[in-house]
Amino acid sequence: MESLKDIKIRIGLLPVEEWEYELPALFADSRQGVRNFAVSCQKKLQKLELEKNRIHAIQQFEQELAGGRVFAGIDEAGRGPLAGPVVAGAVIMPVDCPLLYVNDSKKLSAARREELFDQIMDEAEAVGIGIASPGRIDEINILQATYEAMREAVSQLETAPEMLINDAVVIPGISLPQKAVIKGDAKCYSIGAASIIAKVTRDRMMRQYDTLYPGYGFADNKGYGSAAHIAALKTLGACPIHRRSFITHFEVAQVEE
């Protein structure tokens, strides 16, 4: 008789979608441990089905907004930090590409975001990334810098969209039709994909900045105003990627250039 350990190994090697064919035999097993394992597998299958339904729903929602037009989802990452750029993503996803777990990037683990980033880059019809530097943010303010990054992201798309579906904003200076969706990164599949592209791109940049400007904890705080980051400003002063317009209310050490 196959041991519970061997059963778990065998089932674990199968695609999750095939587990349902194994469940009748597992539930019929006389051993309680095997039946408990069957319950665990069943719950995972139910969660998978719920996720498939969620992805289908957010795809349908944005497709109805687009009305048959080719569209790009737009989102940004990094409007609030004290340091680093603001990054925008623009993504055109195929209609028949239901990647599971695409969502508002803030609702995903770092590992899940990294995995989905690679999948989106492989499967998307087009991806554009726009970046506005800390200096540009100080020069024209964070809102205008965000719009600028979004326009750049749209301009980088190799496939020209017929409309844009954006997270909460209408981007000035773009002639394409636009739809602004509040909390769009959770409600729209393509905006969620753009959110992941923008977030992962920015996080990778901040990890690189951490090696260039050690002491601020950029790899961990990504430039946001954590207690440790603010304490570092008080002792180390501002570095080249700090947004001067964002740190005027903090006690920042004066460091000779």
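Just above, that's the structure.
Attention in this report is confined to the structure presented alongside it. Given the structure is predicted, the values throughout are model-derived calculations rather than measurements.

### What about the layout of surface pockets?
Of the pockets and cavities examined, the largest pocket occupies roughly 280 Å³. Along the walls of the largest pocket sit 17 residues, with Asp75, Glu76, Ala77, Gly78 and Lys106 positioned nearest its centre. Those elements that place two or more of their residues in the lining of the largest pocket are β1 (71–77) and α8 (189–212). The biggest single contributor to the lining of the largest pocket is β1, with 3 residues. In the lining of the largest pocket, the residues fall into 5 nonpolar, 4 polar and 8 charged.

### Details of the nonpolar core
Soluble globular proteins tend to pack their nonpolar side chains together in the buried interior. Ile74, Leu164 and Ile171 are the most contacted members of the largest nonpolar core, which has 21 residues in total. Mapped by element, the contributors of at least two residues to this core are β1, β2 (86–92), β3 (126–132) and α6 (142–155). Counting 18 residues, the second-largest nonpolar core is a separate cluster that includes Ile55, Val91, Ile120 and Tyr189.

### Observations regarding a negative patch on the surface
The grouping of Glu17, Glu18, Glu20 and Glu49 at the surface amounts to a negative patch. Positionally, Glu49 belongs in helix α3 (residues 32–66). Looking at Glu49, the relative accessible area reads 42%, which means it is partly exposed.

### Observations concerning helix α4 (residues 110–123)
The terminal C-alpha atoms of α4, which comprises 14 residues, lie 20 Å apart, in line with the 20 Å expected from a rise of 1.5 Å per residue. Of all the positions in α4, only Arg113, Leu116, Phe117 and Ile120 are classed as buried. Within α4, the buried residues cover an arc of 115° as seen down the axis, which keeps them to one side. Away from its buried face, by an angle of more than 90 degrees, α4 presents the exposed residues Ala111 and Asp122. Lining the buried residues of α4 we find β2 and α8.

### Digging into the sheet that holds β3
In spatial order, the strands read β3-β2-β1-β4-β5; together these 5 strands make up an open sheet with mixed pairing. Of all strands in the sheet, those with a lone pairing partner are β3 and β5 (178–181), marking the two edges. Across the sheet, the mean angle from the axis of one strand to that of its neighbour is 20°, orientation sign disregarded. Bridge analysis of β1 against strand β4 (residues 163–167) gives 4 bridges, and the strand direction is parallel. Along β4, the bridge assignment pairs Ile74 with Asn166. Packed onto the sheet, α3 meets β1, β4 and β5 and runs at close to 135° relative to β4.

### Observations regarding the packing of aromatic side chains
Counted under the stated rule, the structure contains 2 aromatic pairs. Summarising the aromatic geometry, the rings of Tyr209 and Tyr213 are spaced 6.3 Å apart at their centres and angled 25° between planes, so their arrangement reads as stacked. Of the residues examined, Tyr213 reaches a relative accessible area of 22% and is grouped as partly exposed. A centroid spacing of 5.2 Å and a plane angle of 10° characterise the contact between Tyr216 and Phe218, whose relative ring orientation is stacked. Pair check on accessibility: Tyr216 and Phe218 agree, each one buried. Taking the ring centre of Tyr101 as reference, the NZ or CZ of Arg112 above it sits at 3.9 Å. Over the aromatic face of Phe246 sits the side chain of Arg243, whose NZ or CZ is 5.0 Å from the ring centroid.

Thresholds applied
- Residues numbered from 1 in each chain as written.
- Predicted model: local features only at pLDDT ≥ 70, side-chain atom pairs only at ≥ 80, totals over all residues.
- Heavy atoms only, no water.
- 1 Å grid on protein atoms, 1.4 Å probe; cavity = no way out; pocket = protein on both sides within 12 Å on 5 of 7 lines; lining within 4 Å.
- Points joined across faces, edges and corners; volume = space filled by probe spheres on them.
- Helix = DSSP H or I, 4+ residues; strand = E, 2+ residues; numbered from the N terminus.
- Nonpolar A, V, L, I, M, F, W, Y, C, P; charged D, E, K, R; others polar.
- Core = buried A, V, L, I, M, F, W, Y, C linked by side-chain atoms within 4.5 Å.
- Buried < 20%, exposed > 50% of the residue type's maximum accessible area, 1.4 Å probe, protein only.
- Patch = residues over 30% accessible without salt bridge, like charges linked within 9 Å, V, L, I, M, F, W, Y side chains within 5 Å.
- Areas by Shrake-Rupley, 256 points an atom, 1.4 Å probe, with all protein chains shown as cover.
- Salt bridge = Lys/Arg side-chain N within 4 Å of Asp/Glu carboxyl O.
- Lys, Arg positive; Asp, Glu negative; His and termini not counted.
- Charge placed at Lys NZ, Arg CZ, Asp CG, Glu CD.
- Expected span 1.5 Å × (residues − 1).
- Arc of directions from axis to C-beta.
- Contact = heavy atoms within 4.5 Å.
- Pairing = 2+ DSSP bridges.
- Axes fitted to C-alpha atoms, helices over the stretch in contact; angles between N-to-C directions.
- Phe/Tyr/Trp six-rings, centres within 6.5 Å; stacked < 30°, edge-to-face > 60°.
- Lys NZ or Arg CZ within 6 Å of the ring centre and 35° of its normal.

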